[in-house]
Amino acid sequence: QSIAGFHALGADCYGVETEQQTLQALETAIKEECALLCMTEAAAEQIWQRWQDLQNQEGPICLLIPGETGNTGHAERQMADVIQRAVGTDVWEKEE
């Protein structure tokens, strides 16, 4: 379900459940030279060290997205940071 919206937009999506499936999908996306890698927090947690290594290398932009389960808030914070750097303001900032 987490990938349905991306798939509807024409993105290549890989539904994964196990660590092995996650690593295989990740390596496939890298070989296909994708520009943006979006992964749910739960999937990234399975391969956290590999995910961190990717963020420190030249290659695709790596972005965590909230999934249906297993969310810690890290993806939301990362997305807010990316958006703030892109547009210059915190779009989720709550007014007092």
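Up top is the structure.
Residues numbered from 1 in each chain as written. Predicted model: local features only at pLDDT ≥ 70, side-chain atom pairs only at ≥ 80, totals over all residues. Heavy atoms only, no water.

*Asks:* Help me out: how do you make sense of the environment of Glu 32 in this one?
*Replies:* As for its placement among the helices and strands, Glu 32 is situated in the loop between α2 (19-31) and β1 (36-40). Leaving out residues up to four positions away in the same chain, Glu 32 has contacts with Asp 12 and Tyr 14. (Helix = DSSP H or I, 4+ residues; strand = E, 2+ residues; numbered from the N terminus. Contact = heavy atoms within 4.5 Å.)

*Asks:* Help me out: how do you make sense of the pattern of salt bridges in this one?
*Replies:* Any two side chains of opposite charge can pair, so long as their charged atoms come close to each other. Summed over all chains, the structure comprises one salt bridge. Across the pair Arg 50 and Glu 27 runs a salt bridge whose closest N-O atoms are separated by 3.0 Å. On the criterion of sequence distance, the pair formed by Arg 50 in helix α4 (residues 48-55) and Glu 27 in helix α2 is long-range, its members being 23 residues apart. (Salt bridge = Lys/Arg side-chain N within 4 Å of Asp/Glu carboxyl O.)

*Asks:* What's the story with the side chain of Gln 78 in this structure? I'm lost.
*Replies:* Mapped onto the fold, Gln 78 is located in helix α5 (residues 74-87). What makes Gln 78 buried here is its relative accessible area of 16%. For Gln 78, the side chain forms a polar contact with the main-chain nitrogen of Leu 64, separated by 2.7 Å. Ignoring any residue separated from it by four or fewer positions in sequence, one finds Gln 78 in contact with Gln 55, Cys 62, Leu 63 and Leu 64. (Buried < 20%, exposed > 50% of the residue type's maximum accessible area, 1.4 Å probe, protein only. Polar contact = N/O pair within 3.5 Å; in protein donor to acceptor, adjacent residues only side chain to side chain.)

*Asks:* Would you explain the nonpolar core in this entry?
*Replies:* Side chains of nonpolar character tend, in soluble globular proteins, to be buried together. Ranked by size, the top nonpolar core spans twelve residues in total: Leu 26, Ala 29, Leu 37, Met 39, Ala 43, Ala 44, Ile 47, Trp 51, Leu 54, Cys 62, Leu 64 and Ala 75. Only α2, β1, α3 (41-46), α4 and β2 (61-65) provide two or more residues apiece to this core. The contact partners of Ile 47, leaving out residues within four places of it in the chain, are Glu 19, Thr 22, Leu 23, Leu 26 and Met 39. (Core = buried A, V, L, I, M, F, W, Y, C linked by side-chain atoms within 4.5 Å.)

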